[in-house]
Amino acid sequence: MRKPLISGGIVFLIVLLFFAIMPSVYSNEDLFFQAMVYLALAQGVNILYGFTGYLPFGYVGFFGTGAYAASLCITLLHFPPVLGIIAGGLASVVLSILLSPLLRLSGAYFAIGSLAASQMVYYIVSNPSLQNITNGPYGINLESVYQPHTSYVTMIVILALVMGVVIYIRNSRFGLSLQAIREDPVSAGMAGVHVVRQRAIAWFLSALIAGLVGGAFAWHISVFYPTTVFDLNISIFAIVFTLFGGVTTVLGPVLGMFVLYGFYNLIGISEPQYFQLIYGILILLLVLFLPSGIVSIVKRRGHYVP
Amino acid sequence: MDTLLEATAINTGYGQLQVLWDNEIIVGKSERVVLLGANGAGKTTLLKAIMGLIPLWSGSIVFDGDHLEKKRTDERFQSGVSYMSEMGVIAGLTVEENLLIGGYYLNKQAQKQQLEKMYEQFPDLKQKRKNAGGSLSGGQRKMLGVAKALMSQPKLLVMDEPSAGLSPLFVKEVIDFLIKSTEESNLSLLIAEQNVKFLEIADRVYVLDGGRITFSGTVLELVANDAVKRAYFGLEGS
């Protein structure tokens, strides 16, 4: 037990130190902020998909809900930004409670169901008739509370919490029960695991993470539209990073994010045509030869991956 | 005999299709009961109804004084009924993770003690503790299934066809192990089987045919019952 915790702790420290130090080495704080956003979302997907087997194509729905709830609490209720972010996280949890009947579905049905739910939230938020509250399609402006450095530090704290939760789940009975449910819910129930409750906890936790990250994202960029925070690519990036690195580990999403997002920033903007090609080939190779992600190279040899 | 499990007037099925009619089964404390029946007789359905894996249409299930009808599967497990399905193993988890899940509701210390005990009884499992359950041979999987089901120190172990897919030699090993376990820990057994070899360990036998209990008694009574011999073993009565 101690060894896995130590190795998980090392990954935790390296990642957080990297994001704490890098802005003073390479002065593009926004790049590292975005990387933290994707890493935290990938870890949220990891909890839901890696540990319970639910693939949330509509994960961006929780992210967008968090962004909007935090922003509305800040603009309409005059919450301090950090409190607004917490409210954003809680709003996503409330949404996940409302959407919990989706957990009755499985496989592709759940994936499509969650996608439809996220689109539903998007259309509600961007509806012009709600312009008095959400400002409809015209988006949100948080320039009055714009503090990029403070929001960056807040995001580091959120990432630390998220990674701490994943390390706990990876090494706890709770995590083991989730993995048992993912593999065989009937057998897990027959071993005394409360399948419905454990799945629901993972679902709420995953929604909370996306909501908090959405809130921090809204504060950091300060001006955004519904299409910005309900962009389906956010879900896809988070899912692909997680699968590329390897699920049920804390290291997998870290590797996935660093390799793919790093690669995206290297040539994705300057040479988008080559990026799409190479990106596609990489994912194809992964699906064919390493379906359990990069970490499976080490796992196959019987080594523990934090 | 003190009664541990008493299932009475069990009626159930799948969708509109009734599979069991008024089944009654009783297992006493420290008793080994074999439920004998051919393929499709309804053995697995009866065990699933007892474990709460399919809804009960009518009837009652009392275990150690508690009514189980409205309890979930995990609550029934926590009451002290452990179930080993035909495979009994979670293929994607390692051997050790399977055992830990089996002892999920024990406190950490008790879980560790049980794990050591299982490794003592099944040294092969200790050697393969990091291997995935799905990578084991049929016999090893069965071994793991038994160990997993015993991790929680149950009062009653319900087993669905433990001999399925096993060589006669390994069936003998499983039987010997079950005799040893029941004698050491006052464990009760309810085993659904079509392999008559398991009659060796039975204190009492039920025969299930076409969804109805057609015989209940001791092995000696079973052997003397011409109707059962004709119906189940396909033998002419003497």
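A. Looking closely at the overall build of chain A. Tallying secondary structure elements over chain A gives 15 helices and two strands in all. In terms of overall dimensions, chain A is globule-like: its C-alpha atoms have a radius of gyration of 19 Å, near the 19 Å expected for 306 residues. For chain A, the spread of C-alpha atoms along the three principal axes comes to 55 × 45 × 40 Å. Residues classed as buried in chain A amount to 54% of the 306 residues present.

B. Molecular detail of the interface of chain B and chain A. Contacts between the two partners involve 22 residues from chain B and, on the opposite side, 19 residues from chain A. Of the roughly 1,800 Å² buried at the junction of chain B and chain A (both faces included), carbon and sulfur atoms supply 62%. Three residues, B:Ile90, B:Ile101 and B:Tyr104, lead the burial of chain B against chain A; their summed loss comes to 32% of the area buried on that side. At the surface where chain B touches chain A, the tally comes to zero salt bridges. Run the count over chain B and chain A and you get seven residue pairs in polar contact (both at pLDDT 80 or more).

C. Expanded view of the sheet that holds strand β5 (residues 66-67) of chain B. Residues and elements named next belong to chain B. Across the sheet, which stays open at both edges, the four strands sit in the order β2-β1-β4-β5 with antiparallel pairing between neighbours. The sheet terminates laterally at β2 (17-28) and β5, the two strands that pair on one side only. By the bridge criterion, five bridges tie strand β1 (residues 3-14) to strand β4 (residues 58-63) in an arrangement that is antiparallel. Across the sheet, residue Asn-11 finds its bridge partner in β4, namely Ser-58.

D. Broad picture of the packing of helix α2 (residues 29-52) of chain A against helix α10 (residues 195-221) of chain A. Residues and elements named next belong to chain A. Closest axis-to-axis distance for the α2/α10 pair is 9 Å, and the angle between their directions is 170°. By the angle between their directions, the pair α2 and α10 is classed as roughly antiparallel. Residues Glu-29, Asp-30, Phe-33, Gln-34, Val-37, Ala-40, Leu-41, Gly-44, Ile-47, Leu-48 and Thr-52 of α2 pack against Ala-202, Trp-203, Leu-205, Ser-206, Ile-209, Ala-210, Val-213, Ala-216, Phe-217 and His-220 of α10. Split by residue class, the contact of α2 with α10 holds 14 nonpolar, five polar and two charged.

E. Structural context of the nonpolar core. Counting residues in hydrophobic clusters, the biggest one holds 84 residues, and the most contacted among them are A:Phe19, A:Leu41, A:Phe63, A:Met155, A:Leu159, A:Val213 and A:Phe241. Looking at this core, the element that brings in the most residues is α2(A), giving 14 residues. Excluding anything up to four places from it in sequence, A:Leu159 contacts A:Val15, A:Leu16, A:Phe19, A:Met36, A:Leu39 and A:Ala40. Core analysis: the next-biggest nonpolar cluster, separate from the first, contains 40 residues, B:Leu125, B:Ala147, B:Leu166 and B:Ala202 among them.

F. Layout of the pattern of salt bridges. Residues and elements named next belong to chain B. Counting across every chain of the model gives ten salt bridges over all chains. Measuring nitrogen to oxygen at the nearest pair gives 3.6 Å for the salt bridge that ties Lys-29 to Asp-64. Remark: Asp-64 occurs in the loop between β4 and β5 and Lys-29 occurs in the loop between β2 and β3 (32-36); sequence separation between them is 35 residues. Here Lys-29 falls in the partly exposed class, since its relative accessible area comes to 42%.

G. Spotlight on unusual backbone geometry. You will see that A:Thr248, though not glycine, has its phi angle at about 60°, which is positive. Secondary-structure assignment places A:Thr248 in the loop between α12 (232-245) and α13 (251-268). The backbone phi angle of B:Glu161 is positive, close to 45°, even though this residue is not glycine. Position of B:Glu161 among the secondary structure elements: in the loop between β7 (156-160) and α7 (168-185).

The rules behind each value
- Residues numbered from 1 in each chain as written.
- Chains lettered and ligands numbered in written order.
- Predicted model: local features only at pLDDT ≥ 70, side-chain atom pairs only at ≥ 80, totals over all residues.
- Heavy atoms only, no water.
- Helix = DSSP H or I, 4+ residues; strand = E, 2+ residues; numbered from the N terminus.
- Rg over C-alpha atoms; globule rule 2.2 N^0.38 Å.
- Buried < 20%, exposed > 50% of the residue type's maximum accessible area, 1.4 Å probe, protein only.
- Contact = heavy atoms within 4.5 Å.
- Buried area = accessible area lost by both parts, 1.4 Å probe.
- Salt bridge = Lys/Arg side-chain N within 4 Å of Asp/Glu carboxyl O.
- Polar contact = N/O pair within 3.5 Å; in protein donor to acceptor, adjacent residues only side chain to side chain.
- Pairing = 2+ DSSP bridges.
- Axes fitted to C-alpha atoms, helices over the stretch in contact; angles between N-to-C directions.
- Parallel < 35°, antiparallel > 145°, perpendicular 65-115°, else oblique.
- Nonpolar A, V, L, I, M, F, W, Y, C, P; charged D, E, K, R; others polar.
- Core = buried A, V, L, I, M, F, W, Y, C linked by side-chain atoms within 4.5 Å.

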